[in-house]
Amino acid sequence: VMLNDGRLMWSGSDQFDASISDAYSSFDETFEGDAGPISRSIALGGRNEAVWMLGLSSPMIGCDSRVANARASSLDEKITPTNFSMKSAGKIGAANLRPVELADDRGLFVASGGRMLCEIVWAADKGRYVVSPFTKLTSRLFRNGVEAMAVQTLPDQRIWITTTDGDMVCIVFEPTQQILAAHIPISTGSDTDFFEGVAVVPGDEQDRVYVTVKRVVNGVTVRYLEK
């Protein structure tokens, strides 16, 4: 489920629905006009089981077999019942993990299998969004799987990723300056302590990064929220 462009949007098993514009609880099919509800199949060549949605300039739907783009006739138009169409952004399936929005109208998600990150970016030469591997050269960092992601904006764009083996990776990514740097896995420093989740809270000069950490203290398993 997602709020986007004044509509409440849902996606599921090969299905996409959007509410009446600015009436989030109404899907009245008798309402006519550009503000009317939208109910369509994803229908992009086979089974499309939606696992997440991401609001870029137009809604992206991560399915188990591909990433679909719910879009209007042109990028700067709002979607309506008459100009709505569903296009494929790439045949890379998505894992059931929340994606993140990056600066410059980009998205980042975990591919099916949970061991590779992929980027959604607008390709001007093709006139559409495309999906491409993001961690092709650093795949070893996620060989045990990805657990969660969050994005820090200030003082620069950093992508924080917790892995299923309890470590965390930080990727500094500034595409306008052609910077992509992945830190080696960050560990808690103890074989019995593990990172489990990560979240970012906006700040004035620097965003605040918080992690949930599973620790064993005096033989008892506890969890802390740590900065």
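Located above this text is the structure these notes cover.
Every value quoted in this text rests on a predicted model; they were computed, and no experiment measured them.

## Overview of a nonpolar patch on the surface
Next, step 1: A cluster of nonpolar side chains, contributed by V1, W10 and F27, occupies part of the molecular surface with about 310 Å² of accessible area.
Next, step 2: By secondary structure assignment, the location of F27 is in the loop between β3 (15-18) and β4 (38-41).

## Quick notes on the sheet that holds strand β2 (residues 7-11)
Hydrogen bonds between backbone atoms are what pair the strands of a sheet, whose relative direction is either parallel or antiparallel.
Next, step 1: With antiparallel pairing, the four strands of this open sheet are ordered in space as β1-β2-β3-β4. Of all strands in the sheet, those with a lone pairing partner are β1 (2-4) and β4, marking the two edges. Across the sheet, the mean angle separating the axes of adjacent strands is 20° when strand polarity is ignored.
Next, step 2: With three bridges joining them, β2 and β3 adopt antiparallel strand pairing. If you follow S11 over to β3, its bridge partner there is F16.

## A word on unusual backbone geometry
Next, step 1: Note that the residue after L154, namely P155, is joined by a cis bond; omega there is 5°.
Next, step 2: Along the chain, the position of P155 falls in the loop between β13 (146-152) and β14 (158-163).
Next, step 3: Positive phi outside glycine occurs at D22, with the angle close to 65°.
Next, step 4: Mapped onto the fold, D22 is located in the loop between β3 and β4.
Next, step 5: Given the relative accessible area of 61%, D22 is considered exposed.
Next, step 6: Of note in this structure, N218 is not a glycine but carries a positive phi near 55°.
Next, step 7: The class of N218 is exposed, set by a relative accessible area of 79%.

Reading the values: the criteria
Residues numbered from 1 in each chain as written. Predicted model: local features only at pLDDT ≥ 70, side-chain atom pairs only at ≥ 80, totals over all residues. Heavy atoms only, no water. Patch = residues over 30% accessible without salt bridge, like charges linked within 9 Å, V, L, I, M, F, W, Y side chains within 5 Å. Areas by Shrake-Rupley, 256 points an atom, 1.4 Å probe, with all protein chains shown as cover. Salt bridge = Lys/Arg side-chain N within 4 Å of Asp/Glu carboxyl O. Helix = DSSP H or I, 4+ residues; strand = E, 2+ residues; numbered from the N terminus. Pairing = 2+ DSSP bridges. Axes fitted to C-alpha atoms, helices over the stretch in contact; angles between N-to-C directions. Buried < 20%, exposed > 50% of the residue type's maximum accessible area, 1.4 Å probe, protein only.

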